[in-house]
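Here are the chains, one letter per residue:
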Amino acid sequence: MLPIAMVTGALNYQWIGRLSFLTPYLIFSMLLLTFCKMSWREIRLKPAHIWLLLIQLIGSTGVYLLIRPFNEIWAQGAMLCLLTPTATAAAVITGMLGGNVGFITAYLLFCNVVIAIAAPVFFSLIGVNETFTFLESVWYICRQVFPLLVFPLFIAAALRKWTPKIHQILIRIPKLTFYLWVVALTIVTGITVHFVFNSPNPDYFNEIGLAVIALILCCLQFIIGRRIGHRYGDASSSGQGLGQKNTILAIWMAQTFLHPLVTVAPAAYILWQNIINSYQLWKVKHK
C-alpha cells in the first residue's frame, strides 16, 4: 500500500492538491482512533520516555542552530525531522518486532502533548510569521497545532466514558487507521510533487541536501533510540518511538509554518523510515 499510495499521489499531483484541506482532519481522525484503542492502565511515564523526549526537544534545537549558519532551509528540515512526534503506526511495527506496545502507546501520548506545546514556540522563534510579534506568532500556531494533537485525546476519553457503544464501534473497525494513513499519504505526496514540479525556480541543491539530511537523522534516531531502549531492556520500542515519525503531520507543518521546500525532508523521511522498518521486519522473520 505504501508504494501504491505514493505513486498514485505523484502521478495525479495536478489535481490531488485540491484535497490538501483534508490533511488536518485525517491526522485528527488517526490520532482519535489510536487514543480510543489505548489502555489507560499502561500509560505510565518511564525513564526511557524522558530520555526520548529530551533528545527530540534538545536535538531539534541543536541541529537547527548547527546547520543554520550554512543553510536556513536545511536547518528547518533537520529540526522538523527531530521535532515531529511518533507515528500512530509505530505501535503496530513495535508489536511485529516483539517490543512493548504499551510503552510505545504511552510515548505516543506524551510525545504529542509535549510537541503540541513546543512546536508553536519553535516555529515562532524561527520567525516564520515575520509580521507577528513573538507572542502573536506562538498563539497563531498554537491555535492550529494544539487542537490537532491534543483534542483527539479528550474526545477519545469522552467517548469511552459517555458513549461506550460508539467507542466500541470505532475500535472494532479493522485497519481503519491504516487506510486513513494511506489516503493522507497519497494527498501529501501529491502536494509535495506538485510543489517540486511547479516551482518557478527549481532548487535541486536544497532538495537533495534535505533528502540526505533526512536519511542521516532517520538512521541516527533509530540507532540512538535502540541504544536507550537496550539500557532499559526494550530496544525495539524505544527505537520505533524515536525513529518512526508522523511524517504526514510533519509535511503539513512544513507546508503551513515553514519554507515550502522543507516538505522534501519529511517526504524523504517516509522512504527512509519504511526501508529501515522493512529491514527490521525481515530480520525478525528470519530469526
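One can find the structure itself at the top, above this paragraph.
Residues numbered from 1 in each chain as written. Predicted model: local features only at pLDDT ≥ 70, side-chain atom pairs only at ≥ 80, totals over all residues. Heavy atoms only, no water.

K.L.:
Please explain the overall build of the protein as it appears in this structure.
P.N.:
Scanning the protein from N- to C-terminus turns up 14 helices and zero strands. Mapped from its N terminus to its C terminus, the protein presents α and β elements in the order α-α-α-α-α-α-α-α-α-α-α-α-α-α. Whereas a compact globule of 287 residues would reach a radius of gyration of roughly 19 Å, the protein reaches 18 Å, a difference of no more than 12%. When burial is assessed residue by residue, the protein has 52% of its 287 residues classed as buried. Put simply, of all contacts in the protein between residues at least 6 apart along the chain, 80% involve residues at least 24 apart. Accessible surface, the protein: about 14,100 Å² in total, of which carbon and sulfur atoms supply 69%. Mean positive and mean negative side-chain charge positions of the protein (19 and 7 charges, respectively) differ by 21 Å. (Helix = DSSP H or I, 4+ residues; strand = E, 2+ residues; numbered from the N terminus. Rg over C-alpha atoms; globule rule 2.2 N^0.38 Å. Buried < 20%, exposed > 50% of the residue type's maximum accessible area, 1.4 Å probe, protein only. Contact = heavy atoms within 4.5 Å. Areas by Shrake-Rupley, 256 points an atom, 1.4 Å probe, with all protein chains shown as cover. Lys, Arg positive; Asp, Glu negative; His and termini not counted. Charge placed at Lys NZ, Arg CZ, Asp CG, Glu CD.)

K.L.:
Looking at this structure, I do not really get the packing of helix α10 (residues 176-198) against helix α13 (residues 247-257). What am I missing?
P.N.:
Helix packing geometry: the angle between the two helix axes and the distance between the axes. Contact pair α10 / α13: the axes reach a minimum separation of 10 Å and the direction vectors enclose 35°. With respect to the hand of their crossing, α10 and α13 are arranged in left-handed fashion. Along its contact with α10, which presents Trp181, Ala184, Leu185, Val188, Ile191 and Thr192, the element α13 presents Ile248, Ile251 and Gln255. Residue classes in the contact of α10 with α13 are distributed as seven nonpolar, two polar and no charged. (Axes fitted to C-alpha atoms, helices over the stretch in contact; angles between N-to-C directions. Left-handed = near helix turned anticlockwise from the far one by under 90°. Nonpolar A, V, L, I, M, F, W, Y, C, P; charged D, E, K, R; others polar.)

K.L.:
Before we go on, may I ask you to explain helix α4 (residues 47-67) in this structure?
P.N.:
Think of an α-helix as turning once every 3.6 residues; residues three or four places apart then point the same way. The end-to-end C-alpha distance of α4, which contains 21 residues, comes to 30 Å, matching closely the 30 Å that a straight helix rising 1.5 Å per residue would cover. Within α4, the full set of buried residues consists of Ala48, His49, Leu52, Leu53, Gln56, Gly59, Ser60, Val63, Tyr64 and Ile67. The elements touched by buried residues of α4 are α5 (72-83), α7 (101-126), α11 (204-231) and α12 (235-243). (Expected span 1.5 Å × (residues − 1).)

K.L.:
Looking at this model, I keep getting lost on the packing of aromatic side chains. Mind explaining?
P.N.:
One pass over the structure, following the stated rule, counts five aromatic pairs. Among the aromatic side chains, those forming a connected cluster through ring pairs are Phe123, Trp252 and Phe257. (Phe/Tyr/Trp six-rings, centres within 6.5 Å; stacked < 30°, edge-to-face > 60°.)

K.L.:
Any chance you could explain the side chain of Thr34 here in plain terms?
P.N.:
Structurally, the position occupied by Thr34 is in helix α3 (residues 23-36). You can call Thr34 buried: its relative accessible area is 13%. For Thr34, the side chain forms a polar contact with the main-chain oxygen of Met30, separated by 2.8 Å. Excluding its chain neighbours within four sequence positions, the residues that come into contact with Thr34 are Thr88, Leu108 and Thr177. (Polar contact = N/O pair within 3.5 Å; in protein donor to acceptor, adjacent residues only side chain to side chain.)

K.L.:
Explain the nonpolar core here, please?
P.N.:
One broad rule of soluble globular proteins: the nonpolar side chains tend to lie buried together. In terms of nonpolar packing, the biggest core is built from 82 residues, with Ile27, Leu80, Phe123 and Trp252 touching the most fellow members. Looking at this core, the element that brings in the most residues is α7, giving 13 residues. (Core = buried A, V, L, I, M, F, W, Y, C linked by side-chain atoms within 4.5 Å.)

K.L.:
It is not clear to me how the packing of α4 against α7 should be interpreted in this structure. Could you clarify?
P.N.:
Two elements in contact, α4 and α7, have axes separated by 10 Å at closest approach and are oriented at 25°. The orientation of α4 relative to α7 falls into the category roughly parallel. Considering how the two elements wind past one another, α4 and α7 form a crossing that is right-handed. Seen from α4, the contacting residues are Ala48, His49, Leu52, Leu53, Gln56, Leu57, Ser60, Thr61 and Tyr64; seen from α7, they are Phe103, Ala106, Tyr107, Phe110, Cys111, Val114, Ile115, Ala118, Phe122 and Ile126. Per-class residue counts for the contact of α4 with α7 are 15 nonpolar, four polar and no charged. (Parallel < 35°, antiparallel > 145°, perpendicular 65-115°, else oblique.)

K.L.:
Which parts of the structure should I look at to understand the pattern of salt bridges?
P.N.:
Pairs can form between side chains of opposite charge once their charged atoms are near each other. Tallying each qualifying case throughout the model produces one salt bridge. Residue Glu72 pairs with Arg68 through a salt bridge whose shortest N-O separation is 3.4 Å. Exposure remark for Arg68: the relative accessible area of 44% places this residue in the partly exposed category. (Salt bridge = Lys/Arg side-chain N within 4 Å of Asp/Glu carboxyl O.)

K.L.:
Sorry if this is basic, but what is going on with the side chain of Ser237 here?
P.N.:
Within the fold, Ser237 resides in helix α12. At 2.6 Å, the side chain of Ser237 and the side chain of Asp234 are in polar contact. Other than its neighbours up to four places away in sequence, Ser237 contacts Thr94, Gly99, Asn100, Phe103 and Ile104.

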